[in-house]
Amino acid sequence: MRPAVLLAPVLAVSLGLIGPGRAAAEAVAFGDAEAGAEVFLWCSGCHEIGPDAQDSVGPHLNGLFGRRAGAHEGYDYSESLARMGADGLVWDLETLDAYIEVPQSLVSGTRMSFPGIEDQQERNDLLAFLRRYSDSPANIPEAPPTALHVEVALPEEVLALVGDPEYGEYLASECLTCHQKDGSAQGIPSITKWPERNFVVAMHAYRQQLRPHPVMQMVAARLSDEEIAALAAYFKTLD
Amino acid sequence: MALNRRVFMGTAGAAMLAAPMLRAAGHGKPKVLVIGGGAGGATCARYLAKDSDGALDVTLVEPTRTYYTCFFSNLYLGGFREYESLGHSYGKLASEYGINVIHDWATGVDRDAKTVTLAGGSTLSYDVLVLSPGIDFVEGSVPGWDITAQNAMPHAYKGGSQTQLLKAQIEAMPEGGVFAMVAPPNPYRCPPGPYERISMVAHHLKTNNPTAKILVVDPKEKFSKQGLFEEGWQAHYAGMVTRIGPDFGGENVEVRPDAMEVVIDGEVNKVDVCNVIPAQKAGLICAAAGLTDGNWAPVAPDTMQSRMDENVYILGDASAQGDMPKSGFSANSQAKVAANAIRGALTGSRVFPARYSNTCWSLIAPEDGVKVGASYEPTPEKIASVSSFISQTGEDAALRKTTYEESLGWYAGITADMFG
Ligand SMILES: Cc1cc2nc3c(=O)[nH]c(=O)nc-3n(C[C@H](O)[C@H](O)[C@H](O)COP(=O)(O)OP(=O)(O)OC[C@H]3O[C@@H](n4cnc5c(N)ncnc54)[C@H](O)[C@@H]3O)c2cc1C
């Protein structure tokens, strides 16, 4: 048996998950935040959470619950997500659950390239974990961030290369046969607007065959350090 | 002018690139005329217009108003795709990219005058001509079949109504009937295409007409992704598909469209549907322009320029370039290299080294997708394969499903890259 975390009634009410009558009467057994930390490893390639979490490929996830979708200042969201936020989408248990089940079905043009989590228990666990960093965001536990594990250690001079965006645009034409220029993702991940560092690390990981995709390994194999930097510079600029 | 008619070679081209630029400067914006609005032509026109910021006058000549992709047409036969989802209009190329789209048919090229005549009677002039007309069929390659037999025995190897006709015929097959395919000899467009088609027809029949049979008559010893297809046919459609290769008379075939008969090595087979995919050659306009050598139009590997005329670029299926398969992915890849080279030659913009790639996905059964791909670079002789990969037999269902989903993403990506 997983040790269940109790979702405090007051929170359940504020999240609009269940009617006030029932919520007041009973606490709801929900997910296991410890197990959720494991599930979060899938997310951690793109999202940071915890002390000092920063926006990266995706926005940081502190204070997520109760936040209007697409509204966290400083992060450049897909048009679709920003529009849904403007239309009133607020992240709560119900909406987050739907989003992580099949991201594209809630927000069709999202850049979040994630197929979703089918298993209800895993989603509950993940949400219980995420909630820790929202419940009272000021109180984020003094644990190390669950954030990014380092995929490939690259020398600083490689990370510091300044890409030539015009060359990047030409090279990018090879990418755009499959990846959507408008950033939407459907079967093939979105690659627009990534922080250059993440883009560079990902491409080096393919080039060193640490990431497993055969098409991407082939594409990366013939890119020089400068060309990877050029691509990162170009894709960052795309809207 | 006789100088550049026959002997033009790739390396000479580099030295001559500056010439059209100077010439075009004399009479306003340089004109690029693109014939054929498919995977090669639409992509090339779009990149030229998009990247030149109005510095080029780009015209696209294409007879049809809606381009129906051949890619994914097999999925339509299998019931995985609506016909309408294969259609793409040229609207955005005109309205958003400022391309002059003319719906007409090019009938002739005068390479000395640098003009193209259209079936509608007009004549267009160019500084650079791009030909991406796809394929036509080699007459007499399947005895008993010619283009007038295409209603009785469809090829369905060009996009559009032929595909619908073939689907209607498959759906009308009697219970326990026979679907036959005469497969083409190399080289032809989309090497796995006929075999993906067999898979999709088998899926349809398994669901709707399970006692029906499929007969493939094939002049080739081997075919693309053979191990993967045969494994899939065994797993999903056991006992349904029979392939007769050259050892058993597969290259000695004759068809009788009136009687719906296929004669294999002298033996007469009565069939209910017969999909004849003949031997192929470059779209007719290439030969009309005098740019073919044998069935195809040779090009310089670093630019896609015709080996016979430096003012003409030939893309996609029609070109003889080396190792790249004739695919939509390849045509799209070649188009971007050519657009970069053309823009450089006509406007002085930066020209980057040629890079080509291709990946072809095929669907064998629901959510059972496979892929094959390679990357390519120009050598003086040809576009040469530098590395490649292929799906493995025995992969698990989850990986095959991801591969299929990837193909959906690719379709959305390439069609957006072609039509904006
Ligand atoms: C069943 C099938 C499945 C396929 N599946 C795939 C796949 O999964 N992936 C893949 O990458 N490729 C696939 N292909 C191959 C792909 O369709 C072709 O390789 C690709 O379309 C070639 O592009 P192209 O520009 O050379 O020719 P096309 O795309 O055929 O475009 C040629 C255009 O030129 C026009 N044209 C021809 N002559 C003239 C003229 N004289 N004047 C004006 N216009 C003219 C035609 O109307 C046509 O629109 C498949 C093909 C088939 C048949």
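Residues numbered from 1 in each chain as written. Chains lettered and ligands numbered in written order. Predicted model: local features only at pLDDT ≥ 70, side-chain atom pairs only at ≥ 80, totals over all residues. Heavy atoms only, no water.

Notes on the interface of chain A and chain B
Of the residues lining the interface, 23 residues belong to chain A; the matching set on chain B comes to 37 residues. For the pair chain A and chain B, the summed buried surface comes to about 2400 Å²; carbon and sulfur atoms form 54% of the total. Together, A:Tyr170, A:Met218 and A:Arg222 form the three largest contributors to the area buried by chain A at its contact with chain B, with a combined 30%. Linking chain A with chain B are five salt bridges, by the criterion used here. For the salt bridge of A:Asp164 with B:Arg350, the shortest nitrogen-to-oxygen distance reads 2.6 Å. On the surface where chain A and chain B come into contact, there are 16 residue pairs in polar contact (both at pLDDT 80 or more). Taken together, the elements giving at least two residues each to the side of chain A that touches chain B come down to helix 9 (165-175) and helix 11 (214-221) of chain A. A per-class count over the side of chain A that touches chain B returns 10 nonpolar, six polar and seven charged. (Contact = heavy atoms within 4.5 Å. Buried area = accessible area lost by both parts, 1.4 Å probe. Salt bridge = Lys/Arg side-chain N within 4 Å of Asp/Glu carboxyl O. Polar contact = N/O pair within 3.5 Å; in protein donor to acceptor, adjacent residues only side chain to side chain. Helix = DSSP H or I, 4+ residues; strand = E, 2+ residues; numbered from the N terminus. Nonpolar A, V, L, I, M, F, W, Y, C, P; charged D, E, K, R; others polar.)

So, unusual backbone geometry
A cis amide bond links B:Asn186 to the next residue, B:Pro187, at an omega of -10°. As for its position among the elements, B:Pro187 is in the loop between strand 11 (178-182) and helix 7 (193-208). Within the chain, A:Gln209 stands out as a residue other than glycine whose phi angle is a positive 60°. Here A:Gln209 is to be found in the loop between helix 10 (196-207) and helix 11. With relative accessibility at 54%, the residue A:Gln209 sits in the exposed group. (Buried < 20%, exposed > 50% of the residue type's maximum accessible area, 1.4 Å probe, protein only.)

A short note on the domain arrangement of chain A
Residues and elements named next belong to chain A. For chain A, the assigned domains read domain 1 (9-139) and domain 2 (156-237). Listed per partner, the contact involves 10 residues of domain 1 and 10 residues of domain 2. Each partner contributes to the roughly 780 Å² buried at the junction of domain 1 and domain 2, and carbon and sulfur atoms together form 53% of this total. Connecting domain 1 to domain 2 are one salt bridge. Measuring nitrogen to oxygen at the nearest pair gives 3.2 Å for the salt bridge that ties Asp76 to Lys193. Summed over the shared surface of domain 1 and domain 2, the number is five residue pairs in polar contact (both at pLDDT 80 or more). Along the lines of polarity and charge, the residues of the side of domain 1 that touches domain 2 split into two nonpolar, six polar and two charged. (Domains from an automatic or database assignment.)

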